[in-house]
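# Descriptive structure summary
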Amino acid sequence: MTPSKERSKPSARRQGKATPATPGISGAAAGRAVPAAAVPGPPEEPHRAFLGVSYAFGIVAGLVLGVYGLVLVPSGPRPGGTLISVGLLLALFGNTGVPFLVRWLTGTRLGAMIPLVGWIPVVLLLASSRTEGDLLLKATATGYLFLGIGVFAPVVVAVFGQARRGLTALPPRPPTVPPR
């Protein structure tokens, strides 16, 4: 081949393909281009349908946690005459775990608060007394702890940690160079 034809031919480096490595020389010194897949770019945004299903899951899970937690508040083992409420444990672990899961699925702080959209209306509706005098959530320390833990746990999950996307996802700070 003539030198003019060699220059007109696109090189492997310009096409983003790796060229054969030279023994003893690695990386860019060997004349290899870094494949595009090895260069980290911005994280890929999740599909809107996936986000919609994730938010819907959070609402339904909050609704289920509210119903089961409210019904299970007065039940549980009584070692030594002291009630260990299953509903309180469900509020503590369920209302922390589901917001963590939804926040991980969506990548936003809003995702951690979404289970409250299903939890709060159900709990307030079922905790109110009816005209017949029926009441599911009594005004006891256990009942107030259930309400407090159930609302406070998703807020804690939303506040702590950094969001991957959304309005509160701040870009990472650039490394600081010490002055000379």
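These figures come from a predicted structure and were not determined experimentally.

### Details of the overall build of the protein chain
Each helix and strand counted, the protein chain has five helices and zero strands in total. Its helices and strands taken in sequence order, the protein chain reads α-α-α-α-α from the N to the C terminus. Per-residue burial for the protein chain yields a buried fraction of 27% across its 180 residues. Taking as baseline every contact in the protein chain between residues at least 6 positions apart, the subset at least 24 positions apart corresponds to 65%. Counting only carbon and sulfur atoms, one obtains 69% of the accessible surface of the protein chain, whose full area is about 12500 Å².

### What to know about the packing of aromatic side chains
All told, the structure shown has one aromatic pair when counted by the stated rule. For the ring pair Trp-119 and Phe-146, a centre distance of 5.5 Å and an interplane angle of 45° mean the geometry is tilted. You can see Trp-119 sitting in helix 4 (residues 109-127) and its partner Phe-146 sitting in helix 5 (residues 141-159), a full 27 residues away along the chain. The buried category is assigned to Trp-119, whose relative accessible area is 2%.

### Remarks on the side chain of Thr-108
With respect to the secondary-structure elements, Thr-108 resides in the loop between helix 3 (86-106) and helix 4. Judged by its relative accessible area of 9%, Thr-108 falls in the buried class. Polar contacts involving the side chain of Thr-108 include one to the main-chain amide nitrogen of Gly-111, which spans 3.1 Å.

### Considerations on helix 5
Between its terminal C-alpha atoms helix 5 stretches 26 Å, which fits the 27 Å expected from 19 residues at 1.5 Å a residue. For helix 5, the elements touching its buried residues are helix 2 (48-72), helix 3 and helix 4.

### Observations regarding helix 4
The end-to-end C-alpha separation of helix 4 is 28 Å, in line with the 27 Å expected for 19 residues at 1.5 Å each. In this structure, the buried residues of helix 4 make contact with helix 2, helix 3 and helix 5.

### Examining the side chain of Asn-95
Take Asn-95: it is sitting in helix 3. In this structure Asn-95 comes out as buried when scored by relative accessible area, which is 4%. At 2.9 Å, the side chain of Asn-95 forms a polar contact with the backbone oxygen of Gly-150. Sequence-distant contacts of Asn-95, defined by excluding residues within four places in its chain, comprise Leu-65, Leu-90, Trp-119, Gly-150, Ala-153 and Pro-154.

### Looking at a nonpolar patch on the surface
Together, Val-60, Leu-63, Val-64, Val-67, Tyr-68, Val-71 and Leu-136 line one region of the surface with nonpolar side chains, adding up to about 580 Å² of accessible area. In this structure, Val-67 sits in helix 2.

### Quick notes on the packing of helix 3 against helix 5
Interhelical geometry of helix 3 versus helix 5 gives an angle of 15° and a closest axis separation of 9 Å. Considering their axes alone, helix 3 and helix 5 lie roughly parallel with respect to each other. Like other packed secondary-structure pairs, helix 3 and helix 5 cross with a definite hand, here right-handed. Residues Gly-87, Leu-88, Ala-91, Leu-92, Asn-95, Thr-96, Pro-99, Phe-100 and Arg-103 of helix 3 touch helix 5, and the partners they reach there are Thr-142, Leu-145, Phe-146, Ile-149, Gly-150, Ala-153, Pro-154, Val-157 and Ala-158.

Calculation rules
Residues numbered from 1 in each chain as written. Predicted model: local features only at pLDDT ≥ 70, side-chain atom pairs only at ≥ 80, totals over all residues. Heavy atoms only, no water. Helix = DSSP H or I, 4+ residues; strand = E, 2+ residues; numbered from the N terminus. Buried < 20%, exposed > 50% of the residue type's maximum accessible area, 1.4 Å probe, protein only. Contact = heavy atoms within 4.5 Å. Areas by Shrake-Rupley, 256 points an atom, 1.4 Å probe, with all protein chains shown as cover. Phe/Tyr/Trp six-rings, centres within 6.5 Å; stacked < 30°, edge-to-face > 60°. Polar contact = N/O pair within 3.5 Å; in protein donor to acceptor, adjacent residues only side chain to side chain. Expected span 1.5 Å × (residues − 1). Patch = residues over 30% accessible without salt bridge, like charges linked within 9 Å, V, L, I, M, F, W, Y side chains within 5 Å. Salt bridge = Lys/Arg side-chain N within 4 Å of Asp/Glu carboxyl O. Axes fitted to C-alpha atoms, helices over the stretch in contact; angles between N-to-C directions. Parallel < 35°, antiparallel > 145°, perpendicular 65-115°, else oblique. Left-handed = near helix turned anticlockwise from the far one by under 90°.

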